[in-house]
Amino acid sequence: MELDWGTVIIGFAALVICVLPFVFDYRSRSKKTKHLKLSLAKLAEQHNCEVNQYEYCSNFILGIDENRNSLFFFRQPKTEEGISQYINLEEIQKCEVVKKTKNVKTDTENLTIVERVEMSFIPSNTNKVEQKIELFDKEKNMQLNGELQFVDKWSKQINGHLKSKK
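So, how was this worked out
Residues numbered from 1 in each chain as written. Predicted model: local features only at pLDDT ≥ 70, side-chain atom pairs only at ≥ 80, totals over all residues. Heavy atoms only, no water. Pairing = 2+ DSSP bridges. Helix = DSSP H or I, 4+ residues; strand = E, 2+ residues; numbered from the N terminus. Axes fitted to C-alpha atoms, helices over the stretch in contact; angles between N-to-C directions. Contact = heavy atoms within 4.5 Å. pLDDT = per-residue confidence, 0-100. Buried < 20%, exposed > 50% of the residue type's maximum accessible area, 1.4 Å probe, protein only. Phe/Tyr/Trp six-rings, centres within 6.5 Å; stacked < 30°, edge-to-face > 60°.

Strand order in this open sheet of 4 strands is β1-β2-β3-β4, and the pairing throughout is antiparallel. Of all the strands in the sheet, the pair left with one neighbour each is β1 (53-57) and β4 (83-88). Within the sheet, the average angular offset between the axes of one strand and its neighbour, ignoring direction, is 10 degrees. Judged from the 5 bridges that link them, β1 and strand β2 (residues 60-65) form a sheet pairing that is antiparallel. Within β2, the residue paired with Glu-55 across the bridge is Leu-62. In this fold helix α1 (residues 5-46) packs onto β1, β2, β3 (70-75) and β4, with an angle of close to 140 degrees to the strand it touches most, β3.

Next up, the structure:
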């Protein structure tokens, strides 16, 4: 049995063409994640903190320093400069999820469209202003990419942390 080198080369080229997009996608995501982590660490460092837990979703990352009761948020939009927020959890009473939706009726069904998802931080002192972190806005992003699950998970985690510190 002889080896047909032409078939081997065509098969190898086809394999490379099929695998290459996945490699580029992985490298791109890895680079983006590294940038988000670094930006979050710099933000925490500015407030003399260290991030204990973090999670990223889409184009943003959220982290917490449980020892210093601090929350950090960094978003990297595609066309704009990064947006960062710091929240001192010692001044916060609770964290609420804010979901702005719109109902649309079609011929066959009623649809609920999520237009905005935010985390709202209610201060303990009523004289202070409520702080918000925007996780999704339909005007900026075309579709949800795990933000609903993310906001539910982190609001429960933050509220649990706030209760344990009281």
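A few words on the confidence of the model for the protein. Per-residue confidence for the protein averages 90 on the pLDDT scale, and 99% of its residues sit at or above 70. By mean pLDDT, α1 is the weakest element of the protein at 90, and β3 is the strongest at 95.

The next point concerns unusual backbone geometry. Its identity as a non-glycine residue notwithstanding, Asn-48 has a phi of 55 degrees, on the positive side. Topologically, Asn-48 is positioned in the loop between α1 and β1. When its relative accessible area of 58% is taken as the criterion, Asn-48 is described as exposed. Its identity is not glycine, yet Asn-69 carries a phi of approximately 55 degrees, on the positive side. Within the element layout of this structure, Asn-69 appears in the loop between β2 and β3.

Quick look at the sheet that holds strand β5 (residues 92-105) now. On the basis of which strands lie adjacent, the open sheet formed by 3 strands has the order β5-β6-β7 and antiparallel pairing. The sheet is open, and its two edges are formed by β5 and β7 (131-137), each paired on a single side. Here the average twist between neighbouring strands, direction ignored, is 20 degrees. Across 6 bridges, strand β6 (residues 110-123) lies against β7 in antiparallel orientation. Residue Phe-121 lies in a different strand from β7, and its bridge partner there is Gln-131. Docked against the sheet, helix α2 (residues 147-165) engages β5, β6 and β7, running at close to 160 degrees with respect to β5.

So, about the packing of aromatic side chains. The description of an aromatic ring pair uses the distance of the two centres, along with the angle that the planes make with each other. Enumeration over the complete set of coordinates arrives at 4 aromatic pairs. Here Phe-60 and Phe-73 contribute two aromatic rings whose centre-to-centre distance is 5.7 Å and whose plane-to-plane angle is 40 degrees, an arrangement assigned as tilted. Residue Phe-60 is found in strand β2, and its partner Phe-73 is found in strand β3; the two are separated by 13 residues along the sequence. Every member of this aromatic cluster is reached through a ring pair, and the members are Phe-60, Phe-73, Phe-150 and Trp-154.

Within the element layout of this structure, Glu-115 appears in strand β6. When the C-alpha positions of Glu-115 and Val-16 are compared, they lie 40 Å apart, and in sequence the two are 99 residues distant.

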